[in-house]
Amino acid sequence: MLDLTPSSRIVVDVRNVQKGFGEGANRVAVLKNVSIEARTGEIMMLVGPSGCGKTTLLSAIAGTLQIESGTINVFGNELEKMSGSALTRFRAANIGFIFQQFNLIPTLTLAENVGVPLLIQGISSSKALKRSREMLDKVGLGERWSERPNKLSGGQQQRVAIARALVHEPPLVICDEPTAALDAQNGEIVLDLFRQVARSPERAVIIVTHDSRIFSYADRIARMDDGEIVDVKEQTSQQPQFVHEHAH
Ligand SMILES: Nc1ncnc2c1ncn2[C@@H]1O[C@H](COP(=O)(O)OP(=O)(O)OP(=O)(O)O)[C@@H](O)[C@H]1O
Ligand SMILES: [Mg+2]
């Protein structure tokens, strides 16, 4: 693994990744030859038009989608060389994933939803419930812990999904449009949570977003277009600031 500075190292290394869907004449190449990395201590944002392959790339990094060629190394592990069960365990311990569609479990309460990653790791249900409620507090939903997701607005569901991705303090947090349904106040709260994760010298955050309100939180912005990374820009250390829609 390449050392950049003592406090920042590459922990996600995607090299020459290709992935397509369909067979023969119906085949669509979605990731054409993607190379990108994420480093500890940083928020890396991935932007690009709808359909360019962002969610596909995140799923490959999270190990939920098999690639056709290339390599994906996450914290020193080549994902494509790991067996299914090892990969599942690795993912549960190391990756918090916020899905574009939230993927909450409708039959569970909010606290139970948030506690799933803890239970998977063998933490007792009483401890898991306590930590889930604390995490729900941080996203402003502590008092609603015993409700079911279908009673919530889209933005509230999104915050539950964010709480679930952060509750077990995974070293890598991967977010697919984490602020699409959030107003400015809640958007700022969750970006501050991501910022806290990325301030840790051992953790990294990758965010796919269309949301220009949050661009200033990025340490690097990668642009994707039609299955390729077309540009990567470092952002100098400006003060991150959530841009309110009607601010002038
Ligand atoms: N399971 C699948 N089977 C077939 N095609 C797929 C599948 N998943 C994604 N695709 C195709 O791959 C392309 C990229 O999809 P992807 O979801 O990665 O885009 P995206 O950049 O995340 O878009 P958006 O910003 O709208 O979320 C699209 O053309 C989509 O139709
Ligand atoms: Mg997507």
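Residues numbered from 1 in each chain as written. Chains lettered and ligands numbered in written order. Predicted model: local features only at pLDDT ≥ 70, side-chain atom pairs only at ≥ 80, totals over all residues. Heavy atoms only, no water.

S.K.: Honestly, the confidence of the model for the chain in this entry has me stumped. Any pointers?
M.R.: Parts of the model with low pLDDT should not have their predicted coordinates read in detail. Mean pLDDT over the chain: 93, with 95% of residues reaching 70 or higher. Put simply, strand E1 (residues 3–5) is where the chain has its lowest mean pLDDT, 53, and strand E9 (residues 204–208) is where it has its highest, 98. (pLDDT = per-residue confidence, 0-100. Helix = DSSP H or I, 4+ residues; strand = E, 2+ residues; numbered from the N terminus.)

S.K.: What exactly am I supposed to notice about the packing of helix H5 (residues 154–166) against helix H6 (residues 184–199) here?
M.R.: Pairs of packed helices are described in terms of their axes, by the angle between the two and the distance that separates them. At a minimum axis distance of 12 Å, the contact between H5 and H6 shows a crossing angle of 10 degrees. Between H5 and H6, the angle is such that the two are roughly parallel. In contact with Arg159, Ile162 and Leu166 of H5, H6 contributes Asn186, Val190, Leu193, Phe194 and Val197. Its residues assigned to classes, the contact of H5 with H6 shows six nonpolar, one polar and one charged. (Axes fitted to C-alpha atoms, helices over the stretch in contact; angles between N-to-C directions. Parallel < 35°, antiparallel > 145°, perpendicular 65-115°, else oblique. Contact = heavy atoms within 4.5 Å. Nonpolar A, V, L, I, M, F, W, Y, C, P; charged D, E, K, R; others polar.)

S.K.: Looking at this model, I keep getting lost on H5. Mind explaining?
M.R.: What sets the pattern is the α-helix's 3.6 residues per turn: residues three or four places apart point alike. For H5, built from 13 residues, the straight-helix expectation of 18 Å at 1.5 Å per residue is met to within 8% by its first-to-last C-alpha distance of 19 Å. The buried count for H5 comes to 11 of 13 residues, which makes it a mostly enclosed element. Within the sequence span of H5, burial applies to Gly155, Gln156, Gln158, Arg159, Val160, Ala161, Ile162, Ala163, Arg164, Ala165 and Leu166. Looking at the packing, one finds that the buried side of H5 touches strand E7 (95–98), helix H3 (110–120), helix H4 (125–138), strand E8 (172–176) and H6. (Expected span 1.5 Å × (residues − 1). Buried < 20%, exposed > 50% of the residue type's maximum accessible area, 1.4 Å probe, protein only.)

S.K.: When you look at the packing of H3 against H5 in this model, what are you seeing that I'm missing?
M.R.: Orientation of H3 relative to H5, taken along the N-to-C sense of each, is 30 degrees, at an axis distance of 7 Å. Seen from above, H3 lies across H5 with right-handed handedness. Contacts between H3 and H5 involve Leu110, Asn113, Val114 and Pro117 on the former and, on the latter, Val160, Ala163 and Arg164. A per-class count over the contact of H3 with H5 returns five nonpolar, one polar and one charged. (Left-handed = near helix turned anticlockwise from the far one by under 90°.)

S.K.: Please clarify how the coordination of the magnesium ion (ligand 2) should be interpreted in this entry.
M.R.: When a metal holds four donors in a tetrahedron, each ideal angle between them is 109.5 degrees; when it holds six in an octahedron, the ideal angles are 90 or 180 degrees. Only Thr55 (OG1) and Gln100 (OE1) from the protein reach the magnesium ion (ligand 2) as donors, at distances of 2.0 to 2.4 Å. In this pair, threonine 55 sits in helix H1 (residues 54–61) while glutamine 100 sits in the loop between E7 and H3, placing the two residues 45 residues apart along the sequence. Of the residues examined, threonine 55 reaches a relative accessible area of 33% and is grouped as partly exposed. (Donors = N, O, S within 2.8 Å, 3.2 Å for Na, K, Ca; no water.)

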